[in-house]
There are 2 protein chains.
Amino acid sequence: MTLSIPEMAANARLAANQLQMVTSEQKSQVLQKIRDVLEANKEEIFAANARDLELAKAEVEKGKLSASLYKRLDIKGDNEEKFQTLLQGVSDVDRLEDPIGKVTRATELDNGLDLYRVTAPVGVILVIFEARPEVVVNISCLSIKSGNAAILKGGKEAFHTLSVLTKVMQSALDQVSHTIPFPRNAIQLVSSREHISELLDQDRYIDLVIPRGSNSLVRHIQNNTRIPVMGHADGICSVFLDADADPAKAPGIVVDAKTNYPAACNAAETLLIDRALLNGGSQDTLSLTLKALFDAGVVLHVDPPTLDFIHQHHASAQEGTQYLPSKPEDYDTEFLDHTMAVAVVDGVDGAITHINTHGSKHTDCIVTETPAHAERFMSMVDAAGVFCNASTRFADGFRYGFGTEIGVSTNKTHARGPVGLEGLTIYKYRLYGHGQKAGSYGVGEGKQQFSHRDIPLEAVKDKFAK
Amino acid sequence: MTLSIPEMAANARLAANQLQMVTSEQKSQVLQKIRDVLEANKEEIFAANARDLELAKAEVEKGKLSASLYKRLDIKGDNEEKFQTLLQGVSDVDRLEDPIGKVTRATELDNGLDLYRVTAPVGVILVIFEARPEVVVNISCLSIKSGNAAILKGGKEAFHTLSVLTKVMQSALDQVSHTIPFPRNAIQLVSSREHISELLDQDRYIDLVIPRGSNSLVRHIQNNTRIPVMGHADGICSVFLDADADPAKAPGIVVDAKTNYPAACNAAETLLIDRALLNGGSQDTLSLTLKALFDAGVVLHVDPPTLDFIHQHHASAQEGTQYLPSKPEDYDTEFLDHTMAVAVVDGVDGAITHINTHGSKHTDCIVTETPAHAERFMSMVDAAGVFCNASTRFADGFRYGFGTEIGVSTNKTHARGPVGLEGLTIYKYRLYGHGQKAGSYGVGEGKQQFSHRDIPLEAVKDKFAK
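Residues numbered from 1 in each chain as written. Chains lettered and ligands numbered in written order. Predicted model: local features only at pLDDT ≥ 70, side-chain atom pairs only at ≥ 80, totals over all residues. Heavy atoms only, no water.

Chain A appears in an unreviewed UniProt entry as glutamate-5-semialdehyde dehydrogenase from Tieghemiomyces parasiticus. Per its UniProt entry, chain A bears the Pathway (unreviewed entry) comment "Amino-acid biosynthesis; L-proline biosynthesis; L-glutamate 5-semialdehyde from L-glutamate: step 2/2." For chain A, the Catalytic activity (unreviewed entry) comment in UniProt is given as "L-glutamate 5-semialdehyde + phosphate + NADP(+) = L-glutamyl 5-phosphate + NADPH + H(+)". (UniProt positions renumbered as here; feature names shortened; annotations may be inferred.)

**Q** Please explain helix α3 (residues 42-61) of chain A as it appears in this structure.
**A** Residue and element names in this part refer to chain A. Under the 1.5 Å per step criterion, the end-to-end length of α3 is 28 Å for 20 residues, consistent within 8% with the ideal 28 Å. When we look at burial in α3, the residues that qualify are I45, F46, A48, N49, D52, L53 and A56. Projection of α3 onto a plane perpendicular to its axis shows the buried side chains occupying an angular sector of 160 degrees, all on one side. When the buried face of α3 is taken as reference, the exposed residues oriented beyond 90 degrees from it are E43, R51, E54, L55 and E61. (Helix = DSSP H or I, 4+ residues; strand = E, 2+ residues; numbered from the N terminus. Expected span 1.5 Å × (residues − 1). Buried < 20%, exposed > 50% of the residue type's maximum accessible area, 1.4 Å probe, protein only. Arc of directions from axis to C-beta.)

**Q** Just to check I follow, could you spell out the packing of helix α11 (residues 285-295) of chain B against helix α12 (residues 304-313) of chain B for this structure?
**A** Any two packed helices are characterised by the angle at which their axes cross and by the distance between the axes. All names here are of chain B. Where α11 contacts α12, the axes come no closer than 11 Å and their chain directions differ by 85 degrees. Between α11 and α12, the crossing angle belongs to the class labelled roughly perpendicular. Of the residues in α12, those touching α11 at L286, S287, L290 and F294 are F309, I310 and H313. Across the contact of α11 with α12, the residue classes tally to five nonpolar, two polar and no charged. (Axes fitted to C-alpha atoms, helices over the stretch in contact; angles between N-to-C directions. Parallel < 35°, antiparallel > 145°, perpendicular 65-115°, else oblique. Contact = heavy atoms within 4.5 Å. Nonpolar A, V, L, I, M, F, W, Y, C, P; charged D, E, K, R; others polar.)

**Q** So what exactly am I meant to see when it comes to the nonpolar core here?
**A** The nonpolar side chains of a soluble globular protein tend to be buried with one another. Ranked by internal contacts, the top residues of the largest apolar core, which has 247 residues, are L38(A), L300(A), L38(B) and L300(B). Setting aside anything within four residues of it in sequence, one finds L300(B) in contact with L290(B), L293(B), F294(B), Q322(B), Y323(B), L324(B), M340(B) and V342(B). (Core = buried A, V, L, I, M, F, W, Y, C linked by side-chain atoms within 4.5 Å.)

**Q** Any chance you could explain the interface of chain B and chain A here in plain terms?
**A** Frequently, the measure chosen for interface size is the accessible area that the parts lose on association. With 74 residues of chain B at the contact, the number on the chain A side is 74 residues. Both faces considered, chain B and chain A share a buried interface measuring about 6500 Å² in area, 55% of it formed by carbon and sulfur atoms. Three residues stand out in chain B for area buried against chain A, namely F394(B), K412(B) and Y429(B), and they jointly supply 10% of the buried area on that side. Linking chain B with chain A are twelve salt bridges, by the criterion used here. (Buried area = accessible area lost by both parts, 1.4 Å probe. Salt bridge = Lys/Arg side-chain N within 4 Å of Asp/Glu carboxyl O.)

**Q** Just checking my understanding: could you explain the environment of D364(A) for this structure?
**A** All names here are of chain A. Looking at where D364 falls in the secondary structure, it is placed in strand β12 (residues 363-367). Overall, D364 belongs to the buried group, its relative accessible area being 0%. Along the chain, D364 and M378 lie 14 residues apart, while their C-alpha atoms are 8.7 Å from each other. With near-sequence residues (within four places) excluded, D364 lies in contact with I236, C237, S238, I355, F377, V381, A383, G385, V386 and F387. Among the polar contacts made by the side chain of D364, one reaches the main-chain amide nitrogen of S238 at a distance of 2.9 Å. (Polar contact = N/O pair within 3.5 Å; in protein donor to acceptor, adjacent residues only side chain to side chain.)

**Q** I would appreciate a short explanation of the side chain of D207(A) in the present structure.
**A** If you trace the backbone, D207(A) turns up in the loop between α8 (196-200) and β6 (208-212). Among the polar contacts made by the side chain of D207(A), one reaches the side chain of K412(B) at a distance of 3.3 Å. The contact partners of D207(A), leaving out residues within four places of it in the chain, are R13(A), V122(A), G123(A), V124(A), I227(A), P228(A), K412(B) and T413(B).

**Q** Is there a simple way to explain the domain arrangement of chain A in this structure?
**A** Taken domain by domain, chain A consists of domain 1 (5-230) and domain 2 (237-402). For domain 1 of chain A and domain 2 of chain A, the distance between their C-alpha centroids amounts to 37 Å. (Domains from an automatic or database assignment.)

**Q** Explain the sheet that holds strand β1 (residues 103-110) of chain A to me, please; I cannot follow it from the model alone.
**A** The pairing of strands in a sheet comes from backbone hydrogen bonds and takes either a parallel or an antiparallel form. The strand order across the open sheet built from eleven strands is β17(A)-β1(A)-β2(A)-β16(A)-β13(B)-β12(B)-β7(B)-β8(B)-β11(B)-β9(B)-β10(B), with neighbouring strands paired in mixed fashion. A strand with exactly one partner marks an edge of an open sheet, and here the two such strands are β17 (453-454) of chain A together with β10 (323-325) of chain B. Alignment of strand β12 (residues 363-367) of chain B against strand β13 (residues 385-390) of chain B, held across four bridges, turns out to be parallel. Among the inter-strand pairings, T363(B) is bridged to a residue of β13(B), identified as G385(B). Against the sheet, helix α10 (residues 250-259) of chain B makes contact with β16 (425-436) of chain A together with β7 (237-241), β8 (268-274), β11 (339-345), β12 and β13 of chain B, and its axis sits at roughly 170 degrees relative to β7(B), the strand it touches most. (Pairing = 2+ DSSP bridges.)

**Q** How should I be thinking about the side chain of H362(A) in this particular structure?
**A** Residues and elements named next belong to chain A. Along the chain, H362 falls in the loop between α13 (347-358) and β12. Polar contacts involving the side chain of H362 include one to the side chain of T363, which spans 2.9 Å. Among residues more than four places away in sequence, those in contact with H362 are H232, G235, C237, C265, N266, A383, A384, G385, A395, V408 and T410.

**Q** How do you make sense of the relation of the copies chain B and chain A when you look at a structure like this?
**A** Here the two chain copies are tied together by a rotation about an axis and a shift along that axis. Each copy superposes on the other: chain B lies on chain A with an RMSD of 0.1 Å after a rotation of 180 degrees and an axial shift of 0.0 Å. What we have between these two chains is a two-fold relation. Proximity to the rotation axis, assessed at the C-alpha, singles out H414(B) in chain B; its C-alpha lies 1.9 Å from the axis. A high fraction, 100%, of the interface residues of chain B reappear at the interface in chain A, so the copies pair face to face through one surface. (Least-squares fit on C-alpha atoms with pLDDT ≥ 70 in both.)

And the structure:
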């Protein structure tokens, strides 16, 4: 029996309601069971994956699929290394602190009238992702840990792998259901691409959409749903070399930010240069940085002042292959390869204006030895991450120490930057009284007054933990 | 010179960037100046308000405007009481703790590589409100305190009052601008209703929309913008009388929740009754509650079992004027007056199912003496507020002790329930390094490891306060 999309969404909502009563211990048991069942069924998973890989290979040969996408489709890896990492990921999520049921604010409104703000799951999340099939396991585990119900829509290239992975995880939920009231519909998979638009209409049931994929996928989703979307389309990150950037730090930071993994959203796309650096010689910050970029095989799209500087100090660099004049649209482009746009700006304020105009509010870096410049840049650049003397590539949930990452958000509300489990939570207010009426409080004779006394969090923070 | 809407929005964005450098002390000076200038210009404000009241009076006489809307338009009040309250509100906001620049998470990623999560303004907020002109002052002060730029769109009935209030506040900003770098465009007013749709298109510049007005206004905005909307359309709150509800508490809670201010979003619209209470006699919980509602002039729309109970125990109540059979749509209706839908449900789980189906995720109450029932209800009801033995009318920013209220949100992300200043904030990550490269970290020989050591918040929480 195939369910309609509204039926699936309604089932997810029911599952989300049931998940509110599941305890930390039960969630842990479910995650351990998922790991065990995945491991016990690995041959079936590998067989399905082999089928996807075979179909994808034909597409690669026809030139319809890139070799890197093909590689990301593989779930087994050499010596099952990728699969072992996937299993380890389940245990890693299990070990994270339970984000639900934490008291984050507590106030005695009056004698015997106590208010608690308690973390709660968002509810039903829709995750739309491309390529890597192991995401379905990762997101399912994060949803379970945070008490959310998830509807998962993966890429068609991974159809067989995703189907088996989901079936196996649901069988784990079935197995625990004898002892734990854990809803099977906490995880549901949608396979067909034509269902996306119908899913995006289910704002009655779905609370949050998390797109993980190409810019065009994310932008399409942002433009076609009333449901809040958490994610990012572009990642146009900049590194600004301030007048007194340390020449021993600047080249390393810029080269790492650009080349450590150019396809990542936190790779730098733009190099901004304080005009004062143009006066430097061939042993100075700018020359050393440009040389390091040339040596790393980066092609620079440069503005006229930088072009002059290169002609003067890097006569051996090849125009056309190592550098070329930039076009205006280069400063709004996410190159995602060994290409970088370069512009000269007037000091920190010039850099701030450039970034706030062209950037994507993801992560931007200043290289400086002047704390006041760092402070101004980091306050006024409107981005999820503002870095001083560190590569933009550090903008990542694992590097930030979140233990896991749901995605990176360039939103201005709810969650921003690399998002850990906390991004899948909200809160509810619990008020405990003894029959109090609001009409008894106020100004005038016989009226009661609120005490609004803070209740120390230390004493109550786990009062509602399950 | 009249600016276009995109120009205004771009100016707000520039102002928002400039606001990032304003200190707590400077914000306080601005708020004090606004209070002083409002007071100094009160006659001009009253004159403009008198003009609006005169025009509105004609509309009331033509039956085009309600008497209550007319009353809310008045900004002066008896003995200038309402105006003094408005001025006091400015000082009250000034005295709130600055929500910006607080470190909420701090981690040493490695030696000399420190990450801080620091609260920051959302950026540019658009507030669309109806009727009460003093909202423009209140919202402007909250925006200033939280470092946001605000674009304000008020109702046309208050046109003259809003124009003068905004002009006066902007002149206060001009006066401080000699000593404080405070952007005049931190507050901008839009008067014309036809600009709303163009404003809702400015997602490039505007980060958050806050609608304060009728359900239809809120729903229109939710359906017509890509910008996140914080607010609520319906407020369908329920009170559930559990089998062992205390008969000394139930009538008071229900009557207060319904009648204390029926036009408010936190007023109860639905009374749910545990089926077991139908067995009670005329001195029991259900009878006492129904009698109290009849005595308070509430008209009940009841389901068949309640109808039978009323016939049996309240023979003197008048069918048709005091109670009548309910229709299905009554349970999805926000009556906003002395009307209440009543339904019998099967225990706590029946109440949870009813509320999660018909409620608006605002505030719902259980009246019970059984903690396990309260726990189940409060965990599983999906609402911003879940109350035990207290009136739903307590769901309010002032009563919660927030000092002020921006609005009530039934969203599932960002901010939920009554929203104080915190709802106008987000955070950014600041990373301070010494030239670290991401490529230096990882698995393998010579690679560095992250330490991910928590930095105690107590020591750093005001490190970035201005």
